[in-house]
Structure formats: C-alpha cells, structure tokens
Amino acid sequence: MLFKDSKKRYKRFRRWQKVPHRVKPMSDDEHDCATCGRHYVGNYCPRCGQSSKIGRYSLKNAFLLFLDVWGLGNRSMFRAIRDLFLRPGYMIGDYLRGMQMAYFPPFKMMFLICALGLLIETGVNIKGINRFELYMNQEKENTQKMQAEAKADKTLTQESKEASIVASQTFYAIENKIGQNTQLAVLAALLLFSGPFYLLFRHGPNIPDLRFSECFVAMVYIANIILIFTIIPSLLCFSFTAETRFDLAVAMLAVIPIKQLTGYSYWGTIWRLIVALIPFGIILVMLYVAAYIYIYSSCGL
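Model, not experiment: these values are computed from the prediction.

Draft legend 1. Structural context of the packing of helix H4 (residues 88–96) against helix H9 (residues 212–235). Close contact between H4 and H9 brings their axes to 10 Å; oriented N to C, the two are set at 140°. The way H4 lies across H9 gives a crossing that is right-handed. Between H4 and H9, the contacting residues are Pro88, Met91, Ile92, Tyr95 and Leu96 on the first element and Glu214, Val217, Ala218, Tyr221, Ile222 and Ile225 on the second. Across the contact of H4 with H9, the residue classes break down as 10 nonpolar, no polar and 1 charged.

Draft legend 2. Quick peek at the pattern of salt bridges. Under the criterion given, the structure shown has 4 salt bridges. Put simply, Arg87 and Asp83 hold a salt bridge, and the shortest N to O gap is 3.2 Å. A salt bridge links Asp94 to Arg87, with the nearest nitrogen and oxygen atoms 2.8 Å apart. Each member of the pair, Asp94 as well as Arg87, is classed as buried. Through salt bridges that share partners, Arg82, Asp83, Arg87, Asp94 and Arg97 make up one connected network.

Draft legend 3. Structural context of the nonpolar core. Grouped together as the largest cluster of nonpolar side chains are 45 residues, with contacts concentrated most on Ile92, Leu96, Met109, Met110, Leu190, Phe197 and Tyr221. In terms of residue count, H9 provides more of this core than any other element does, 13 residues in total. With residues near it in sequence (within four places) discarded, Met109 still touches Met77, Ala80, Ile81, Leu84, Phe104, Tyr221 and Asn224.

The rules behind each value
Residues numbered from 1 in each chain as written. Predicted model: local features only at pLDDT ≥ 70, side-chain atom pairs only at ≥ 80, totals over all residues. Heavy atoms only, no water. Axes fitted to C-alpha atoms, helices over the stretch in contact; angles between N-to-C directions. Helix = DSSP H or I, 4+ residues; strand = E, 2+ residues; numbered from the N terminus. Left-handed = near helix turned anticlockwise from the far one by under 90°. Contact = heavy atoms within 4.5 Å. Nonpolar A, V, L, I, M, F, W, Y, C, P; charged D, E, K, R; others polar. Salt bridge = Lys/Arg side-chain N within 4 Å of Asp/Glu carboxyl O. Buried < 20%, exposed > 50% of the residue type's maximum accessible area, 1.4 Å probe, protein only. Core = buried A, V, L, I, M, F, W, Y, C linked by side-chain atoms within 4.5 Å.

Next up, the structure:
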C-alpha cells in the first residue's frame, strides 16, 4: 500500500513538473491609477503598469521595496528558486519560450547569489570565520613553502629556482584574481562552455532549434542552481577538502536540468556533456598557460 501511494505521488509530481506556471485570473475590480489617473479593470494599470495594490506609502511598502531591491520582494524570485530545485529543466524551457515575467532574471539572480556567497565567505556563517581570507592565507603559505623548497633544492640551477618561484607566485596571483572577481569568472567560464554545449545540444527533442543565446541563458540558470547548493558548505563551515567533494557532487546534478530541458535520455545527456567538457577543459588549460607565460615573461626570465 505504501509503495502504491508513493508511486502515485511520484506520478503526480512528474505531471506537475511538466505543467508551466499558470497566472492567476485577472480581477474584475475597478481602479483609478494613482500615477497616471487611468480608470481600469484588473490588477495592473494598462497605461503605466502600476499595481492596483499600491496605495499610500507605509512601513510595509518601504520594507517590500527594500526586499525588491535584492529580488526578495518579487514573488518570482521564490518561484524561480522553487522551480529550479523541483523542475529545473522544464522551468528553464518555459523561460526560454517567453514566460519571463513568471521567473526571476537569470543574470540578476547570479549576481545576488554571488553577493550572498561573498558575505558568507567573509564571515556571515555559523562560525563567523572569514573563509576567503583563510583560504588565501593557506594558498599563500603553500606558495611560500614551494618557494622555500625550490631555494633549498641543490639539484636546481639558479634559473630553475627563479622559474619555480615565479610559477608559484603566478598560480597564487591567478587564484587571487579569480576569487576577487567570482561573478566575471563564472560568466566567462559559462560563455566558453556554451560553445561546445550548443553544438552538441542544439537539436534536442524538446528544443530542436536551440539558439546560442538561449543556450547561454540556460547555462546561467544551471550555474545558479549549483551556486545555491555550494553556499551550504560555506555557511556550515565545511573543511576545504569536504567542500571540494561536495561541490563535485553538486556539479553532477547538472545532468538533471539539461536532460529535462533538451529531452535527451540520461545516457544521451551524459555522453554529450563529457564530450563538451573536453574542448572546454583544453581552452581553460590554454588560458592558464597563456596567463603563466605572460607573467613569466614580464619578469624577464
């Protein structure tokens, strides 16, 4: 009996996942817009778009406006996060097909999540630890240790020692820059990954004519899912090793929204993702090497 009930609930959940968001019916009440004076019937003024619920200014309105700045006063923020957890691929598909007023914009969501993640990393967590500073100090200690080992190694020439020191300083500088510009780094990585992803998923069963711009927007939404989950170990102050393992496990969840969005099977989604990651990884390595060569040559070595 329990198995049958669970199966029925799962089938209802699967049906709910595929149903797009339904807008509430328009009100029959008449209103006079406080902004433009238009007399209208419904929830919003057809001339200037002001909500019929807006009246005299109050503390409640002030609080809602404050929340709206951060995307929390808009109901679409909560709906977007809920659907990104429960029906991610279907929700992204609805957004790409034009249902944009029902969900929070993906880029604005990313900036808010990154801002929240930065607050948590810099001390707004259960232990009040500045995890970003702790991580960079740890990397700095590792860099200094590598430099000391290179200087103490008698088998290396003076030029090799200098090259090893520059290499360690370069890696530290690159990680520091990425940490300071997380949003730009994430967007740049998504833009690079969208290329091979688009070539492999542009003719999916659900969206046979996927555009590159739509592909990039879908990648941003999927990145938002991963970013929301990766805030959890930072908030709970996991060790960096445990956090890395958690992040890798969360990254694997990207298969679910991609499958729901494109309509491929799990196997079809996985092998396409693996193939798309190959050129993406090669490009990242080339960029890393180019940054190293630039800094190395600027030192005159």
